[in-house]
Amino acid sequence: SNFNKVHAEVRALECLWPSMRKGTKVYSIRFRKDGTFGNAKPCPKCEEYLRQNGVKTVFYTNTEGRLQKMKL
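What comes next is a walk through the structure. What you see is a predicted model; the values in this text were computed from it and never measured. (Residues numbered from 1 in each chain as written. Predicted model: local features only at pLDDT ≥ 70, side-chain atom pairs only at ≥ 80, totals over all residues. Heavy atoms only, no water.)

Before going further, it helps to examine the pairing of strand 4 (residues 57–61). Within strand 4, 5 of the 5 residues are buried, leaving the element largely enclosed by the surrounding structure. With burial as the criterion, each face of strand 4 is covered, one bearing Thr57, Phe59 and Thr61 and the other bearing Val58 and Tyr60. Two elements, strand 1 (residues 25–28) and strand 4, share 4 bridges in a ladder whose sense is parallel. Residue pairing for strand 4: Val26 is matched across the bridge by Val58. Across 5 bridges, the pairing between strand 4 and strand 5 (residues 67–71) is antiparallel. When the sheet's bridge partners are listed, Tyr60 is paired in strand 5 with Gln68. Two successive antiparallel strands, strand 4 and strand 5, enclose a turn made up of 5 residues, where Gly65 displays a positive phi of approximately 90°. (Buried < 20%, exposed > 50% of the residue type's maximum accessible area, 1.4 Å probe, protein only. Helix = DSSP H or I, 4+ residues; strand = E, 2+ residues; numbered from the N terminus. Pairing = 2+ DSSP bridges.)

Structure representation (structure tokens):
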């Protein structure tokens, strides 16, 4: 199914009415199968989608589990 091919950032924004997306802060956290943190930085396509939908800030985990802040 296509459901699994949509990245989490896009799926999360699709849950909001378009009028509610502007100014939203996105938090992206990845856990690997072994329970450790993974890099959850949005890919370039997701970054562009978030920017087009008015998201200004993304917080994402790095491989050490620390939140990184990305301004769009």
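Right, let's get into a nonpolar patch on the surface. A cluster of nonpolar side chains, contributed by Tyr27, Ile29, Phe31 and Leu67, occupies part of the molecular surface with about 460 Å² of accessible area. Following the sequence through the fold, Leu67 ends up in strand 5. Leu67 sits in the partly exposed class, given a relative accessible area of 48%. (Patch = residues over 30% accessible without salt bridge, like charges linked within 9 Å, V, L, I, M, F, W, Y side chains within 5 Å. Areas by Shrake-Rupley, 256 points an atom, 1.4 Å probe, with all protein chains shown as cover. Salt bridge = Lys/Arg side-chain N within 4 Å of Asp/Glu carboxyl O.)

Now for the side chain of Asn62. As for its placement among the helices and strands, Asn62 is situated in the loop between strand 4 and strand 5. The class of Asn62 is buried, set by a relative accessible area of 13%. One polar contact links the side chain of Asn62 to the main-chain amide nitrogen of Glu64, over a distance of 2.9 Å. Each residue touching Asn62, except ones within four places of it in the same chain, is listed here: Phe37, Gly38, Asn39 and Gln68. (Polar contact = N/O pair within 3.5 Å; in protein donor to acceptor, adjacent residues only side chain to side chain. Contact = heavy atoms within 4.5 Å.)

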